[in-house]
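Summary of structural features
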Amino acid sequence: MKHLLTLFLSIILLCAFRTPEAPDMEQIHREVTDPESQYYYPDLMARYEQNETIMTLDDYRRLYLGYVFEEDFNPYRTSNYAPVVEQLYYKSQHTKSECDEIIKYAQLSLKDNPFDLQQIDYLIYALREKKKNNLANIWQYRLNHILEAIVSTGTGLSPEQAWYVICPQHEYFILNRMGCTAQKYEFLPPWFDHITVAAKSEKDSTEYYFNSRYFLKEYQRKYLYGIEEADSIAEAEITTQGE
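We now turn to the structure provided with this report. (Residues numbered from 1 in each chain as written. Predicted model: local features only at pLDDT ≥ 70, side-chain atom pairs only at ≥ 80, totals over all residues. Heavy atoms only, no water.)

With that out of the way, let us pick up the packing of aromatic side chains. This model, assessed by the stated rule, comprises 17 aromatic pairs. Put simply, the rings of Tyr-41, Tyr-48, Tyr-60, Tyr-64, Tyr-67, Phe-73 and Phe-115 touch in pairs and so form one group of aromatic residues. Positioned above the aromatic ring of Tyr-39, the side-chain terminus of Arg-62 is 4.2 Å from the ring centre. (Phe/Tyr/Trp six-rings, centres within 6.5 Å; stacked < 30°, edge-to-face > 60°. Lys NZ or Arg CZ within 6 Å of the ring centre and 35° of its normal.)

This is the structure:
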């Protein structure tokens, strides 16, 4: 855990040398749905699955954030295999056969949801336990760059600098990687998740903000209202917030 915490903090430090940039989601939508674009989503995902190690931060930002525009996207979807992995993982020690089971079911979960960060984390652990370090390194590289894509979208310290995520699970995954313990959740209209964490020291922030606009909008469009009504609701929330 200490190694993972240090690794994530190094990712934040790396991003600190760049100016955080809120994504232009409308532009990303155009790019990932245009077959002529270098960021066309099927091509991006193919590069990711082929373990390409020359994908840039811009590639990963579009790979991660652009997933909300895929037809099978559901921010609240949980694979049927995920509980199996969790039950196996939370044991004090694991046999080789148990590690094989974790690998098997984590991979099945990721076929259903490629951005289940917790399942990626479980998979890396089991691969390292099995001494399959080359494959573990590939998955670690993927996870590191997904996290970098998230923290490059802001500082997380205010609604204006909120981190963009594509599902609620990622909010808690990020905070966990920072060594934070979530204490309170609050939804701030029109689309911000505000999470208060236990204080680690006087200089550390105890409040973090996540932008949930696009995963909420896509969920509403696909599963609750339809695109026109979802757009109307979002616009009404913006108007009300500004009054």
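Anyway, onward from the coordinates.
Our focus in this paragraph is a nonpolar patch on the surface. A cluster of nonpolar side chains, Tyr-172, Tyr-185 and Phe-187, forms an exposed patch at the surface whose accessible area comes to about 290 Å². Inspection of the secondary structure assignment puts Phe-187 in strand β2 (residues 182–188). Given the relative accessible area of 33%, Phe-187 is considered partly exposed. (Patch = residues over 30% accessible without salt bridge, like charges linked within 9 Å, V, L, I, M, F, W, Y side chains within 5 Å. Areas by Shrake-Rupley, 256 points an atom, 1.4 Å probe, with all protein chains shown as cover. Salt bridge = Lys/Arg side-chain N within 4 Å of Asp/Glu carboxyl O. Helix = DSSP H or I, 4+ residues; strand = E, 2+ residues; numbered from the N terminus. Buried < 20%, exposed > 50% of the residue type's maximum accessible area, 1.4 Å probe, protein only.)

The next thing to look at is the sheet that holds strand β3 (residues 192–197). Hydrogen bonds along the backbone pair up the strands of a sheet, which may run parallel or antiparallel. Read from one edge of the open sheet, 4 strands run β1-β4-β3-β2, paired in mixed fashion. Lying at the two open borders of the sheet, with one neighbouring strand each, are β1 (163–164) and β2. Pairing analysis gives 2 bridges linking β1 to strand β4 (residues 207–211), with the strands arranged parallel. Considered in β4, the bridge of Tyr-164 is made with Asn-211. (Pairing = 2+ DSSP bridges.)

The next thing to look at is the pairing of β2. Relative to β3, β2 runs antiparallel, the two being bridged by 6 bridges. The partner of Leu-188 across the bridge, within β3, is Phe-192. Linking two consecutive strands that pair antiparallel, namely β2 and β3, is a turn of 3 residues.

The next thing to look at is the pattern of salt bridges. In this structure the tally under the stated criterion is 9 salt bridges. For Arg-62, the salt bridge goes to Glu-31, with nearest N and O atoms at 2.5 Å. Note that Arg-62 is positioned in helix α4 (residues 57–65) and Glu-31 in helix α2 (residues 25–33), a separation of 31 residues in sequence. For the pair Arg-62 and Glu-31, a shared accessibility class is recorded, and that class is buried. For Asp-100, the salt bridge identified is with Lys-130, shortest N-O distance 3.2 Å. Here Lys-130 lies in the loop between α7 (117–129) and α8 (133–151) and Asp-100 lies in helix α6 (residues 96–112), a separation of 30 residues in the sequence. Residue classification places Asp-100 among the partly exposed residues on the basis of a relative accessible area of 34%. Via salt bridges that share partners, Glu-31, Asp-58 and Arg-62 belong to a single interconnected network.

Nothing here speaks to function; it is geometry throughout.
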